[in-house]
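Spelled out, the chains give:
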Amino acid sequence: MTHIDAGAGLDPAHPVPVPSVPPTGLTGAQVAERTARGQVNDVPVRSSRSLAEIVRANVFTRFNAIIGVLWLIMLAVAPIQDSLFGFVILANTGIGIVQEWRAKKTLDSLAVIGEVRPTVRRDGTAVAISTSEIVLDDLLEIGPGDKVVVDGVCVEADGLEIDESLLTGEADPVVKHPGDAVMSGSFVVAGGGAFQAARVGREAYAAQLAEEASRFTLVHSELRTGISTILKYVTWMMVPTAIGLVISQLVVKQHGIKDSVARTVGGIIPMVPEGLVLLTSVAFAIGVIRLGRKQCLVQELPAIEGLARVDTVCLDKTGTLTEGGMDVTGLRLLNGYDEAYVRQVLGALGESDPRPNDSLKAIIDAYPDTEEWRCTESLPFSSARKYSGATFSEDGGETSTWLLGAPDVLLADDDPALAETGRLNEDGLRVLLLARAARDLDDARVGRGAHPAALVVLEQRLRPDAADTLHYFTEQDVRAKVISGDNAVSVGAVAAKLGLKGSAVDARRLPAGREEMARELDEGTVFGRVTPQQKRDMVGALQSRGHTVAMTGDGVNDVLALKDADIGVSMGSGSEATRAVAQIVLLNNSFATLPSVVAEGRRVIGNITRVATLFLVKTVYSVLLAVLVVCWQVEYPFLPRHLTLLSTLTIGVPAFFLALAPNKERARPHFVRRVMRYAVPGGVVAGAATFVTYLLARHHYTGPGSLNAETSAATLTLFLISMWVLAIIARPYTWWRVALVAAMGAAFMVVLVVPSLQRFFALKLVGMQMPWTAVGIAVVGSAVLELAWRWVGRRFPT
């Protein structure tokens, strides 16, 4: 066997000599020899981060480092109850690691199910193997929809057309002949053949592409970017505020070192919204696990976020609204052709294609081949061309060329057969034209002047769950657009049967300009005779109008559009190419899974936006209290134990439940602005009310133990206002939300009345006047907060 130099001759524009590869492929001994030499496609393709990376990402964070140092200080200078915040961080980190590890296991198991298994020829037998088992010089068979997984050189070609647009940007498929380079990352759109692997492992571009396509990535998302922005500003605020607190508590007040350090740390710790990062990771991870249970593989983590923002979903009819497979229901003869002869032609056409599509499979089932005709040349079906063809040597020695495809593509506009086709399309039937060609198959205009022989009528099988799914999208204010390569009237009839209302448009009449096309897309619902490039253009046109677009598909004609859509959704039974570029793969091939996917995205993003306000209200009031303490030159009112208790009851525990609750609201942009517009007034009101209570308590209480009484009164005000913030965030109320808020309030009351807990948390309300004053200030603060949030909602709508 001739070995191909992996470093040369792979420019698609320059053919290379055809390698001398036996048609039987490598032998077992040759495979073992190459494996021993390390010439294996052994690039690790991971669907998630490794355990070590998960631990590292959750443990070694900026705020864990800050809190870790402060925790060690508190362990040295204060009672254990002032170090509770450190144990909370340990628990949070552990929860984050466990949840992401569970998500990783879910993804890894699903990735195995959805793994691409190319066909290689070894010892004369075609076998499907894992991509990691391919060795140098392996002979790989490819057909429509197959993705080229390693670089190689074409050895066999039967009408082989490969789309290299994902690599070169060139939209037109490239016809391949023996000796031509075959580039990894491209995919077959028509025909079939075989190629010899010339570059495997890390040398092949496919290694990078495949790893990138199936990795559990943390690529750009508005949510993560927004949280990072918030954390960056929090860090900037923490440094000067912490310095001011240190000077105020240690230098100016000159209290004992331990008490001063404890109150300084108590002022710094609540500025850190440490649980927000944890909850984001946990919500994403649980979303992945929930979708995994429904056989939905999330190949890119932010896809969950993108789904929450989707307002337009583009559906490919075949495989989405209709099930795979069709049935021939009729044969309408034209121009006096004999039915027996036409049946023989259809049987021969079915036999001529080694990789028939669903339409041809139905014809093969209805008209089996008699094997009396010999195929001498074939033209595979392609979505761009809309027809296939073959040349036969008939049993009498006569040669004939036949085409099978779309009537409105092969027939002239005034042909009477089109009227019959139109009537059948209106009933939702698919119609193919059988025509005898007057030109050779290699003629670029082979369809010109073809003589119609018969109309083949096919019935499509509607998915039983498609109507309910489309109804869900309508209810959720998500516009559905059906984009298909089939006849617009036929597709429109199918959509109408499923309850989708709107006009059907022939895409061949759509304007080329993006703005004009976008206008037509906004008005129409069903689009037929769409070419693969047009699908891509239509996605771009919708995006130009500010729409967040999800695209579903399963065939090679959907790849370009899936790649450009905000969210690409592929069926598990779809082609290798579509599964590689999609962010989400429905492994159970069920269109009915899509509502669950969209709902999961909305739940995650809507709830994270909701609970982020809780965390950032705490950050704002903590910074404000620290600034006020420095300006007034007074002791910081809280010890770390107080704020740990408040954070747990008003933020930590409630946020965990709220983050996992159902939420159907479509996610909106500008995450930071939407969160901060409520967090700032909430934090300012809470901080100001708490400080007023603290100052009044300082004047009210005197003598030993007064600081603890002042702290208890201030804690009561801050807790009550924080509870009101929680009550606002928990709306709209359901029984469990009311129970959650009530349980947190009851837990705080238990701390106030149980003597052992009073001592543990250093909380004891003294007298009647100041505690009721604290309650009154909290009531006024809550009323101001309610009015402020309503005003913000009107003044700064999202």
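Residues numbered from 1 in each chain as written. Predicted model: local features only at pLDDT ≥ 70, side-chain atom pairs only at ≥ 80, totals over all residues. Heavy atoms only, no water.

Novice: I'd like a description of the overall build of the chain, backed by residues and values.
Specialist: Along the chain, the regular secondary structure elements total 27 helices and 21 strands. Counting across all 798 residues of the chain, residues that qualify as buried make up 57%. Sequence separation of at least 24 residues holds for 74% of the intrachain contacts in the chain that already meet a minimum separation of 6. (Helix = DSSP H or I, 4+ residues; strand = E, 2+ residues; numbered from the N terminus. Buried < 20%, exposed > 50% of the residue type's maximum accessible area, 1.4 Å probe, protein only. Contact = heavy atoms within 4.5 Å.)

Novice: For empty space enclosed by the protein, give the residues involved together with the corresponding values.
Specialist: What the rule picks out here adds up to 2 cavities of 30 Å³ or more. What the largest cavity holds in volume is close to 50 Å³. Around the largest cavity, the lining residues are L614, V617, K618, Y621, T650, I651, S722 and V725. A per-element tally of the lining of the largest cavity places helix α21 (residues 594-632) first, with 4 residues. Residue composition of the lining of the largest cavity, grouped by class: 5 nonpolar, 2 polar and 1 charged. Its volume calculated, the second largest cavity comes out at about 30 Å³. Looking at the second largest cavity, the residues that line it are L307, V310, V313, F473, A550, V569, L594 and V598. (1 Å grid on protein atoms, 1.4 Å probe; cavity = no way out; pocket = protein on both sides within 12 Å on 5 of 7 lines; lining within 4 Å. Points joined across faces, edges and corners; volume = space filled by probe spheres on them. Nonpolar A, V, L, I, M, F, W, Y, C, P; charged D, E, K, R; others polar.)

Novice: An account of the packing of aromatic side chains is needed here, citing residue identities and associated values.
Specialist: Aromatic ring pairs are defined here through the distance separating the ring centres and the angle between the ring planes. For the structure shown, the criterion picks out 14 aromatic pairs. Aromatic side chains Y472 and F473 sit 5.7 Å apart centroid to centroid with 65° between the ring planes, which places their arrangement in the edge-to-face category. With a centroid separation of 3.8 Å and an interplanar angle of 15°, the aromatic rings of F719 and F748 are classed as stacked. In this pair, F719 sits in helix α24 (residues 706-729) while F748 sits in helix α25 (residues 735-753), placing the two residues 29 residues apart along the sequence. As far as the burial class goes, F719 and F748 line up, both buried. Within the aromatic cluster, the residues linked to one another by ring pairs are Y337, Y341, W373, F392 and W402. A cation sits over an aromatic face here: K232 above Y233, 5.7 Å from the ring centre. (Phe/Tyr/Trp six-rings, centres within 6.5 Å; stacked < 30°, edge-to-face > 60°. Lys NZ or Arg CZ within 6 Å of the ring centre and 35° of its normal.)

Novice: I'd like a description of the pattern of salt bridges, backed by residues and values.
Specialist: All chains considered together, the criterion is met by 31 salt bridges. For R439, the salt bridge identified is with D443, shortest N-O distance 3.6 Å. Under the relative-accessibility criterion, D443 is labelled partly exposed at 28%. Because the salt bridges share partners, they merge into one network encompassing D408, D506, R508, R509 and R529. (Salt bridge = Lys/Arg side-chain N within 4 Å of Asp/Glu carboxyl O.)

Novice: Give me the environment of V780: which residues, what numbers.
Specialist: Within the secondary structure layout, V780 lies in helix α27 (residues 769-795). Put simply, V780 and L470 are 310 residues apart on the chain and 49 Å apart in space, counted from C-alpha to C-alpha.

Novice: Kindly report on the confidence of the model for the chain, identifying the contributing residues and their values.
Specialist: Detail in the predicted coordinates should be disregarded across regions flagged by low pLDDT. On average, residues of the chain carry a pLDDT of 83, and 91% of them reach 70 or more. Confidence, read as mean pLDDT per element, is least for helix α6 (residues 205-214) in the chain (48) and greatest for α25 (95). Long-range and interchain partners of residues 1-18, a stretch whose pLDDT sits below 50, account for 44 contacts in this model, where long-range means more than four residues apart. Between residues 209-219, whose pLDDT stays under 50, and residues either more than four places distant or in other chains, the model counts 37 contacts. (pLDDT = per-residue confidence, 0-100.)

Novice: Tell me about the environment of R199, and please be specific about residues and values.
Specialist: Among the secondary structure elements, R199 is positioned in strand β7 (residues 187-199). The spacing of R199 and M768 is 569 residues in sequence and 82 Å in space, taken between C-alpha atoms.

Novice: Can you explain helix α8 (residues 257-268)? Please cite residues and give values.
Specialist: The end-to-end C-alpha distance of α8 is 16 Å, a good match for the 16 Å that 12 residues give at a rise of 1.5 Å each. Of all the residues in α8, the buried ones are S260, V261, A262, R263, T264, V265, G266, G267 and I268. (Expected span 1.5 Å × (residues − 1).)

Novice: Residue-level account of the sheet that holds strand β21 (residues 584-586), with values.
Specialist: Spatial ordering of the open sheet is given by β8-β21-β20-β19-β9-β16-β18-β17, a layout of 8 strands whose pairing is mixed. Looking at the sheet topology across the chains shown, the edges are occupied by β8 (296-298) and β17 (504-506). Along the sheet, successive strands turn relative to each other by an average axial angle of 20°, direction set aside. Across 2 bridges, strand β16 (residues 479-483) lies against strand β18 (residues 526-528) in parallel orientation. The residue bridging I483 from the neighbouring strand is F527, located in β18. Sheet strands in contact with helix α16 (residues 488-497) are β16, β17 and β18, and its direction is about 150° off that of β18. (Pairing = 2+ DSSP bridges. Axes fitted to C-alpha atoms, helices over the stretch in contact; angles between N-to-C directions.)

Novice: Which residues make up unusual backbone geometry, and what values do they have?
Specialist: Residue R731 is joined to P732 through a cis peptide bond whose omega torsion reads -5°. Within the secondary structure layout, P732 lies in the loop between α24 and α25. Not every positive phi belongs to a glycine, and D137 is a case in point at roughly 75°. Within the secondary structure layout, D137 lies in the loop between β2 (125-128) and β3 (139-142). Phi at Q295 is positive, roughly 60°, even though this residue is not glycine. Tracing the backbone through its elements, the reader meets Q295 in the loop between α9 (274-293) and β8.

Novice: Describe the nonpolar core, naming the residues involved and giving the relevant values.
Specialist: Counting 126 residues, the largest nonpolar core has I584, F591 and F748 as the members making the most contacts within it. Looking at this core element by element, the count peaks at 18 residues for α21. If we skip the residues at most four places from it in the chain, F748 touches L645, L646, L649, T715, L716, F719 and L763. Counting 26 residues, the second largest nonpolar core, distinct from the first, contains L510, A541, V549 and A561. (Core = buried A, V, L, I, M, F, W, Y, C linked by side-chain atoms within 4.5 Å.)

Novice: A description of the state of the cysteines should follow, citing residues and the corresponding values.
Specialist: Structurally, a disulfide amounts to a covalent bond that connects the sulfur atoms of two cysteines. In total, this model carries 0 disulfides according to the counting rule given. Just so you know, C375 is unpaired, no disulfide at all, and the nearest cysteine sulfur is the one on C154, 18 Å from it. (Disulfide = S-S within 2.5 Å.)

Novice: With reference to specific residues and values, describe the packing of α24 against α27.
Specialist: Orientation of α24 relative to α27, taken along the N-to-C sense of each, is 30°, at an axis distance of 8 Å. Considering their axes alone, α24 and α27 lie roughly parallel with respect to each other. In this structure, α24 crosses over α27, and the sense of that crossing is right-handed. From α24, A713, L716, T717, L720, I721, W724, V725, I728 and I729 reach across to α27, where they touch M770, P771, A774, V775, I777, A778, G781, S782, L785, E786 and W789. (Parallel < 35°, antiparallel > 145°, perpendicular 65-115°, else oblique. Left-handed = near helix turned anticlockwise from the far one by under 90°.)

Novice: Can you tell me about helix α14 (residues 417-426), naming the residues and giving the values?
Specialist: All buried positions along α14 are accounted for by A417, E420, T421, L424 and N425. Projected down its long axis, α14 shows its buried positions confined to an angular sector of 140°, all on one face. G428 lies just past α14 and shows a positive phi near 80°. (Arc of directions from axis to C-beta.)

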